[in-house]
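So the chains spell out like this:
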Amino acid sequence: MVITKDAYCLDGLRFAIKKAKDQQTTVLFSYVQKIDNHDPIAFYHAGRENYKGQCFFWQDPKKEIILAGTGQVTPLSSTGSYDRYIHVEKNWDKLLRQAVSSGESGVIGTGPLLFGGFSFDPEEEKKTLWNDFEDETFAIPCYMLSLIEGQSYLTINRICSPDDNEWHLYKQVENEVEELTDQRKFSVSPSINPLIKQEEIHADAWKTTVASAITNMKHSSLDKVVLARELRLTFENDISPENVLLQLMKEQPDSYIFSLESGDSVFIGATPEKLIKKRKEQVFSDCLAGSIGRGEEEEDRRLGEELLQDRKNLLEHQYVVSMIKDAFDSLCSSVKIPDDGPVLMKNRHIQHLYTPISGVCEEETPVLEFVRRLHPTPAMGGMPKDMAVTKIREWETLERGMYAGPLGWMDAYGNSEFAVGIRSALLKGREASLFAGGGVLEDSTPEKEYKETAIKFNPMLSALGGTMNE
Ligand SMILES: C=C(O[C@@H]1C=C(C(=O)O)C=C[C@H]1O)C(=O)O
Ligand SMILES: [Mg+2]
């Protein structure tokens, strides 16, 4: 990527178009500008007026990086059977090699940035629920608001061709930016949207599947399999993703809050689970598995203690720790895991066993190499990995699509972060499909797993305004 010293967007555009002319190619142009504090949901809302189906939102648990993107300069096309991680990485590298960046360059989470997600299993049989999404749905936004350490940045991205005219492009961008940043237009008031129907999809059949998975595990080398189910909600009016995001930000402040739009669908959620965070040579992941509900003070403490002592949950957790550790060991020169066992991660509706893991790798190691080796961890798939994925394909009746898949972003400066798309829902007009799964082991009971998944629906149920599970 060429970083120009141009302070003005127009000068940068001129440079990018000249480069496109000289090399007879297309050039990704990116301009970054500090702007006065701006509400990311207002930006997202404004973006949906012209770019519905092409917006995204991201907020990490520490609120280090908040992103709202709108429009797509170029979606990364899908090519069928190939290694999808290499495909995305190569296309991204190719675009960056030709890129020109000007304005405030070099700030994490600004400038050219690829945002999107991978489906859980590209070999899953495709029905209709997820037909708006590809197995890798990634794009570079036309406009992006980044909130980094309290400072707002506006990124403008464009693909420049040899015969583009800088004035023409500049005027177009200027008008669009004005519309997008006009906060007066913003009035997302939590509208009343009555719930018409709330339906658990094949709950009894799911329990039977869990029971036969338990039997299967007793006679095979399968140690763990995560089985998920669906809850479907219908509302009177179309669901507003802005309202859902606002609600999630209020209710799940310690989770990643995300939305990824494609066509008429919005994949949205508040996931507590990091898959991989990379800051140059530093990498981080979360081992999160083993769950119990929340209660009032004393009850809550008792539940937490119970979880920390529970053999089944500790084993369920341990599978995740050892697999993530192996993946880190294969790519890192040093790996750190606390040696005093898991601690509790408490969110509004649920508590989990949690072990953080960190490592140091080569700065050049592609983040998607980590994603490839990690996904799906035994927290989303099972153990052994390939066997579990095959069994999920065979046994589950829901369509996972992007649920439990890696979702996140990569910037041009060696920073990236992917979470796993759980505690999530697919919104389509008036309908929401919620997903929740649980780690099934030999000594699971279908009833307990059923209750655990019921609790895992609550973050999305609460944000959408459905009837909560106890
Ligand atoms: C699969 C989900 O959650 C995962 C499964 C967990 C478990 O079974 O204990 C805990 C956290 C997550 O890693 C989900 O929320 O859908
Ligand atoms: Mg569990």
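Rules of the game
Residues numbered from 1 in each chain as written. Chains lettered and ligands numbered in written order. Predicted model: local features only at pLDDT ≥ 70, side-chain atom pairs only at ≥ 80, totals over all residues. Heavy atoms only, no water. UniProt positions renumbered as here; feature names shortened; annotations may be inferred. Helix = DSSP H or I, 4+ residues; strand = E, 2+ residues; numbered from the N terminus. Polar contact = N/O pair within 3.5 Å; in protein donor to acceptor, adjacent residues only side chain to side chain. Contact = heavy atoms within 4.5 Å. Donors = N, O, S within 2.8 Å, 3.2 Å for Na, K, Ca; no water. Domains from an automatic or database assignment. Buried area = accessible area lost by both parts, 1.4 Å probe. Salt bridge = Lys/Arg side-chain N within 4 Å of Asp/Glu carboxyl O. 1 Å grid on protein atoms, 1.4 Å probe; cavity = no way out; pocket = protein on both sides within 12 Å on 5 of 7 lines; lining within 4 Å. Points joined across faces, edges and corners; volume = space filled by probe spheres on them. Nonpolar A, V, L, I, M, F, W, Y, C, P; charged D, E, K, R; others polar. Axes fitted to C-alpha atoms, helices over the stretch in contact; angles between N-to-C directions. Parallel < 35°, antiparallel > 145°, perpendicular 65-115°, else oblique. Expected span 1.5 Å × (residues − 1). Buried < 20%, exposed > 50% of the residue type's maximum accessible area, 1.4 Å probe, protein only. Arc of directions from axis to C-beta. Near = heavy atom within 4 Å. Areas by Shrake-Rupley, 256 points an atom, 1.4 Å probe, with all protein chains shown as cover. Sits in = over half its atoms within 2 Å of the grid points.

As named in an unreviewed UniProt entry, the chain is isochorismate synthase, taken from Alteribacillus iranensis. If you open the UniProt record of the chain and go to Sequence similarities (unreviewed entry), you find "Belongs to the isochorismate synthase family." Recorded in UniProt under Catalytic activity (unreviewed entry), the annotation for the chain is "chorismate = isochorismate".

Any chance you could explain the side chain of H349 here in plain terms?
Within the element layout of this structure, H349 appears in the loop between β18 (343–346) and β19 (350–361). There is a polar contact of 3.3 Å between the side chain of H349 and the side chain of Q252. Sequence-distant contacts of H349, that is, excluding residues within four places in its chain, are made with Q252, G293, R294, I455, N458, P459, S462 and M468.

When you look at the coordination of the magnesium ion (ligand 2) in this model, what are you seeing that I'm missing?
Taken together, the protein ligands of the magnesium ion (ligand 2) are E316 (OE) and E452 (OE), with distances of 2.2 Å. Placement of E316 in helix α8 (residues 311–331) and of E452 in helix α11 (residues 446–464) is noted, with a sequence separation of 136 residues between them.

Please explain the domain arrangement of the chain as it appears in this structure.
When the parts of a complex come together, some accessible area is lost, and that lost area is often used as the size of the interface. By the assigned domains, the chain splits into domain 1 (2–185) and domain 2 (196–464). Relative to domain 2, the C-alpha centre of domain 1 lies at a distance of 28 Å. Roughly 5100 Å² of surface becomes buried between domain 1 and domain 2 when both sides are summed, with 59% attributable to carbon and sulfur atoms. Here domain 1 is connected to domain 2 by six salt bridges. D83 is paired through a salt bridge with R372; the nearest N and O atoms lie 2.3 Å apart. Counting the contacts that link domain 1 with domain 2 gives 33 residue pairs in polar contact (both at pLDDT 80 or more).

Just to check I follow, could you spell out the layout of surface pockets for this structure?
The gaps of empty space that remain are located by a probe, the size of a water molecule, rolled over the atoms. Considered as a void within the structure, the largest pocket measures approximately 670 Å³ in volume. In terms of lining residues, the largest pocket is bounded by 25 residues, among which I292, G293, K451, E452 and I455 are the most central. Where the lining of the largest pocket is concerned, the elements lending two or more residues are β16 (282–293), α7 (297–309), α8 and α11. Here the lining of the largest pocket takes eight residues from α11, the largest share from any one element. Among the residues making up the lining of the largest pocket, the classes are represented as seven nonpolar, eight polar and 10 charged.

It is not clear to me how the packing of helix α3 (residues 84–97) against helix α9 (residues 367–374) should be interpreted in this structure. Could you clarify?
Axis angle and axis distance: for two packed helices, these are the angle between their axes and the distance between the axes, and together they describe the pair. At a minimum axis distance of 9 Å, the contact between α3 and α9 shows a crossing angle of 170°. As judged from the angle between their axes, α3 and α9 are roughly antiparallel. Taken together, the residues of α9 that come into contact with α3 (itself represented by Y85, I86, V88 and E89) are V367, L368, V371 and R372. Looking at the contact of α3 with α9 residue by residue, the class counts come to six nonpolar, no polar and two charged.

Mind showing me how you'd approach the UniProt feature "domain: Chorismate-utilising enzyme C-terminal" (unreviewed entry) in the chain here?
Taking the numbering used here, the UniProt-annotated feature "domain: Chorismate-utilising enzyme C-terminal" (unreviewed entry) corresponds to residues 204–456. The distance separating the terminal C-alpha atoms of residues 204–456 is 18 Å; by composition the span is 36% helix and 37% strand.

In this structure, what is going on with α7? I would like to understand it.
Every α-helical turn comprises 3.6 residues, leaving residues that sit three or four positions apart pointing alike. Its 13 residues give α7 an end-to-end C-alpha distance of 19 Å, which sits within 8% of 18 Å, the value for a rise of 1.5 Å per residue. Listed as buried for α7 are D300, L303, G304 and L307. Projected down its long axis, α7 shows its buried positions confined to an angular sector of 100°, all on one face. The exposed residues of α7 that point more than 90 degrees off its buried face are E298 and Q309. At its buried positions, α7 is contacted by β16, α8, β18 and β19.

What's the story with the site of ligand 1 in this structure? I'm lost.
By nearness alone, 19 residues border ligand 1, and E273, S291, E316, Y403 and R423 come closest of all. At a separation of 2.9 Å, an oxygen atom of ligand 1 approaches a polar backbone atom of L288. Here R423 contributes a side-chain N or O atom positioned 2.6 Å from an oxygen atom of ligand 1. Protein contacts shield 100% of the accessible area of ligand 1, which totals 390 Å² for the unbound molecule. Placement of ligand 1 is best described as lying within the largest cavity. Secondary-structure elements contributing two or more residues to the shell around ligand 1 are β16, β24 (431–440) and α11.

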